[in-house]
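# Fold and geometry: a report
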Amino acid sequence: MTAELIQRLSKIVGPRFVSNAAEELYLYSMDPGTMPQAYPDAVALPKTAEEVQQIVRLAGELKVPVVPMGAGLVLSGLTRALKGGIILDMKRMNRIIKVNPLSRYAVVEGGVAQGMLQAYLKKYHPTLKHSMPDAPPIATMAGNMCIHGSGHLSVLGGSHSDMLTGMEVVLPTCEIIRTGSCSVSPDWFGRSPLPDLSGLFLGWAGTTGIVTKLGIKLFPNYAFNDMLIFVCEDADTMPDVIFRLTGVQVAEDMTPWMTPKPDWAKGFLHINIAFGAHSKKELTFKRNLLQASVRHYIDRKTAGFLPLPPTQKNRFLKVPSPDLARFADLRKGGGFEYVGAMMAIEHFPEAYRAGLEIAEKFQVSYSLGARIIGAGHAMMFFFAYAFNRADDEDVRRASEALDATNRAVLDMGGIPWKAERPAQVQIMEKMDPDTFALMTRIRATLDPNHIMNPGNWEK
Ligand SMILES: Cc1cc2nc3c(=O)[nH]c(=O)nc-3n(C[C@H](O)[C@H](O)[C@H](O)COP(=O)(O)OP(=O)(O)OC[C@H]3O[C@@H](n4cnc5c(N)ncnc54)[C@H](O)[C@@H]3O)c2cc1C
């Protein structure tokens, strides 16, 4: 079967872009997280939506699984071939198709990396930007969109899937469909007023189709940018602080962080608040608004803003932030995974305390933090654990800590984001049964051959 598969895949994408070499399958069998390896039978790199279509047709005929993959950086093992089959590496589909500078959106192919669009806009449309996650810049727009990612404009624009304006998708049954305005019009301006089919492909971990194009909202790129860092000691005040800071609707990004290193940071809760303006005067006005919003705490001397020299400030203003990637190698093995819990902001204090307790119990290197989504409408609270991949004991401890964190998150009303297989099981156990039954029916309708990333979102 593998020989036939390789030969027929070669005919579709060309022999250079198919492999079942042992060393390549090894690399594609894992991601940087704790999930165990799972080997695919083959890796294929298509160049066009038609090639994707032909691969899916072949997979349906041979009943072979297909696992779509961007950069494979999801950390929760969602691009591992749990039942073998083909990993469809999208990186060759890397064209930036168009930018509409007036209506502020871009249309890109399904393998375009975050860093590619960032560099393109910097060169050709310097007054525009898109929201970048803090993932390494090779992470793809589609991979991040498919998992409801978030990034440095998420206070302004919500989660990244809220910034999606439409998609082209190859269905498991091989049709190429479009969602949003682009299904009717040449313009990719948005998802209303039609029935919103985009949801059929967001949050499904690649089990319902392969995104070959997507439209994404762009935002003004300010000439002047600044950051304030708010510091306090009392976790119980954080929901109110976030409520006040988001209430003035000035920040583009707000990221609370709590880490034991460096020593000066231990025990304190920080919030990085990034904002920008078209002029220095506007920047000062916005800074004043933010500072005034939390004056209540400053006057009581229970909190304050951290004075930062410009060099330090510039480091914090880097997009994407290098800090998480640095933390990922804390244990010198490059192993890193986090529970990103989507939850309401009032759960901040219990999430913080649970994170500290779990890190202490399982003796793991931790970094806790959050990204505020919208005007305080939700947050992605992260519990990140670094480990040395070569140290089995270290990996086991991190795995157990992640499992305990997923349970704690669900108990406090949150939902693990981009859930790894064990976390999916915990979510499915808690989900309203009729809702899960509908999910299963939708998936069976879209994918009657059950070839798309099987093993995910199923009991
Ligand atoms: C240091 C670090 C920091 C991070 N910070 C952030 C952050 O700030 N915000 C954030 O959102 N994430 C963050 N992440 C998590 C993750 O890396 C990103 O979300 C990243 O954008 C995922 O993109 P990817 O191309 O690697 O996706 P992949 O891992 O390749 O895929 C993710 C999921 O999407 C599916 N998929 C991929 N491409 C397609 C496609 N074309 N069609 C259909 N399904 C597809 C896959 O099957 C999988 O289920 C971080 C990760 C690291 C390592």
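Residues numbered from 1 in each chain as written. Predicted model: local features only at pLDDT ≥ 70, side-chain atom pairs only at ≥ 80, totals over all residues. Heavy atoms only, no water.

### Thoughts on the pattern of salt bridges
Worth spelling out the cut-off: The salt bridge definition used is simple: a Lys or Arg side-chain nitrogen within 4 Å of an Asp or Glu carboxyl oxygen. Each helix corresponds to a stretch of at least 4 residues labelled H or I by DSSP, and each strand to a stretch of at least 2 residues labelled E; elements are numbered beginning at the N terminus. The cut-offs for exposure are 20% and 50% of the maximum accessible area for each residue type, with area from a 1.4 Å probe on protein chains only; residues under the lower value are buried, those over the upper are exposed, and the others partly exposed.
In this structure the tally under the stated criterion is 22 salt bridges. Its salt-bridge partner being Arg 8, residue Glu 61 comes within 2.9 Å of it at the nearest N-O pair. Of this pair, Glu 61 sits in helix H3 (residues 49-62) while Arg 8 sits in helix H1 (residues 2-13), and the two are 53 residues apart along the sequence. For Asp 236, the salt bridge is made with Arg 353, and the minimal N-O distance between the two is 2.9 Å. Taken together, the positions of Asp 236 in the loop between strand E12 (224-232) and helix H7 (238-247) and Arg 353 in helix H12 (residues 348-362) put the pair 117 residues apart, joining distant regions of the chain. Using a relative accessible area of 39% as the deciding quantity, one classes Arg 353 as partly exposed. Here the residues in one salt-bridge network are Glu 393, Asp 394, Arg 396, Arg 397 and Glu 400, joined through shared partners.

### Quick notes on the sheet that holds strand E4 (residues 86-89)
The following threshold applies: Any two strands with at least two DSSP-identified bridges between them are counted as paired. Only heavy atoms matter for contacts: two residues are in contact if any of them lie within 4.5 Å across the pair. Lines fitted to C-alpha atoms define the axes here, with helix axes fitted over just the stretch in contact, and angles between the N-to-C directions of these axes take values from 0 to 180 degrees.
Spatially, the four strands line up as an open sheet ordered E1-E2-E4-E3, and their pairing is mixed. Bordering the open sheet on either side are strand E1 (18-19) and strand E3 (66-69), each of which pairs with just one other strand. Note: E1 against strand E2 (residues 42-44), two bridges, orientation antiparallel. In the sheet register, Ser 19 faces E2, and the bridge partner there is Val 43. Its contacts with the sheet place H3 against E2, E3 and E4, and it is angled at close to 170 degrees to E4.

### Some points on the site of the ligand
Heads up, the rule is: We call a residue near a molecule or strand as soon as one heavy atom of that residue lies within 4 Å of the molecule or strand. Polar contacts here mean pairs of N or O atoms no more than 3.5 Å apart (in protein, one a potential hydrogen donor and the other a potential acceptor; neighbouring residues in sequence count only if both atoms are side-chain atoms). For the area figures, the Shrake-Rupley method with a 1.4 Å probe applies, and any residue is considered shielded solely by the protein chains shown. Each residue is assigned to one class: nonpolar for Ala, Val, Leu, Ile, Met, Phe, Trp, Tyr, Cys and Pro, charged for Asp, Glu, Lys and Arg, and polar for all the others, Gly among them.
Around the ligand lies a shell of 38 residues, among which Pro 68, Gly 70, Leu 73, Asp 134 and Thr 140 are the nearest. Taking Gly 72, its main chain carries an N or O atom lying 2.8 Å from an oxygen atom of the ligand. Between the ligand and Thr 140 there is a distance of 2.7 Å, counted from an oxygen atom to a side-chain nitrogen or oxygen. Calculation on the ligand without its partners gives an accessible area of 970 Å², and the protein chains cover 98% of this total. Elements with a contribution of two residues or more to the shell around the ligand: E3, helix H5 (141-146), strand E10 (210-217), helix H11 (323-328) and strand E16 (335-343). Top element by residues in the shell around the ligand is H5. It accounts for four residues. Of the residues assigned to the shell around the ligand, the class counts are 23 nonpolar, twelve polar and three charged.

### Re the domain arrangement of the chain
One frequent convention defines the size of an interface as the accessible area lost when the parts assemble. The criterion, for reference: The split into domains, and so the bounds of each, comes from an automatic or database assignment of domains. Once two parts are put together, the accessible area they lose, assessed with a 1.4 Å probe and summed over both, is termed the buried area.
On domain assignment, one finds that the chain holds domain 1 (2-89), domain 2 (96-220), domain 3 (224-317) and domain 4 (323-419). Relative placement of domain 1 and domain 4: their C-alpha centres are 29 Å apart. Listed by partner, the interface residues are nine residues for domain 1 and 13 residues for domain 4. Counting each side, the surface lost to burial between domain 1 and domain 4 is near 810 Å², with a carbon and sulfur contribution of 52%.

### With respect to the sheet that holds E10
To summarise the sheet geometry, strands pair through backbone hydrogen bonds and adopt either a parallel or an antiparallel arrangement. One open sheet holds the five strands; their spatial order is E5-E6-E10-E8-E9, and the pairing between them is antiparallel. Each end of this open sheet is capped by a strand with a single partner; those strands are strand E5 (96-100) and strand E9 (176-180). If you compare each strand with its neighbour and ignore which way they point, the axes differ by 10 degrees on average. Across four bridges, E5 lies against strand E6 (residues 105-109) in antiparallel orientation.

### Some points on the packing of helix H13 (residues 392-411) against helix H14 (residues 421-430)
The cut-off we apply is this: Here is the rule for angles: anything less than 35 degrees is roughly parallel, anything more than 145 is roughly antiparallel, 65 through 115 is roughly perpendicular, and the remaining ranges are oblique. When the near helix sits turned anticlockwise from the far one by under a right angle, the crossing is termed left-handed; a clockwise turn instead gives a right-handed crossing.
Running from amino to carboxyl end, H13 crosses H14 at an angle of 25 degrees, the nearest separation of the two axes being 10 Å. By the angle between their axes, H13 is roughly parallel relative to H14. Of the two possible hands of crossing, H13 and H14 adopt the one that is right-handed. Here Asp 403, Asn 406, Arg 407, Leu 410 and Asp 411 of H13 come into contact with H14, specifically with Pro 422, Ala 423, Gln 426, Ile 427 and Lys 430. Of the residues that constitute the contact of H13 with H14, the class distribution is four nonpolar, two polar and four charged.

### Observations regarding the packing of aromatic side chains
What counts here: Here the aromatic set is Phe, Tyr and Trp, taking the six-membered ring for Trp, and pairing holds for ring centres within 6.5 Å; pairs whose planes are under 30 degrees apart are stacked, those over 60 apart are edge-to-face, and all others are tilted. Ring-over charges, as used throughout, are those where CZ of Arg or NZ of Lys falls within 6 Å of the ring centre and within 35 degrees of the ring normal.
Tallying each qualifying case throughout the model produces nine aromatic pairs. Ring centres of Phe 336 and Tyr 338 lie 5.7 Å apart, and the angle between their planes is 35 degrees; on these two criteria the pair is classed as tilted. Tyr 338 shares its class with Phe 336; the two are buried. Taking 5.2 Å as the distance between ring centres and 75 degrees as the angle between the ring planes, the aromatic pair formed by Phe 348 and Phe 381 counts as edge-to-face. With Phe 348 in helix H12 and Phe 381 in strand E18 (residues 378-387), this residue pair connects regions lying 33 residues apart in the sequence. Note on accessibility: Phe 348 and Phe 381 belong to one class, buried. Taken together, Phe 336, Tyr 338, Phe 382 and Trp 417 form an aromatic cluster joined through their ring pairs. Sitting over the face of the ring of Phe 17, Arg 92 holds its NZ or CZ atom 3.4 Å from the ring centroid.

### Concerning the side chain of Arg 80
Note the threshold: Charge assignment in this entry is limited to Lys and Arg as positive and Asp and Glu as negative, and neither His nor the chain termini are counted.
Within the secondary structure layout, Arg 80 lies in the loop between E3 and E4. Look at Arg 80: it is buried, it has no salt bridge, and the nearest opposite charge is Asp 31 at 6.0 Å. One polar contact links the side chain of Arg 80 to the main-chain carbonyl oxygen of Gly 77, over a distance of 2.9 Å. With residues up to four places along the chain from it excluded, the contact list for Arg 80 reads Ser 29, Met 30, Met 35, Pro 36, Ala 38, Val 67 and Asn 453.

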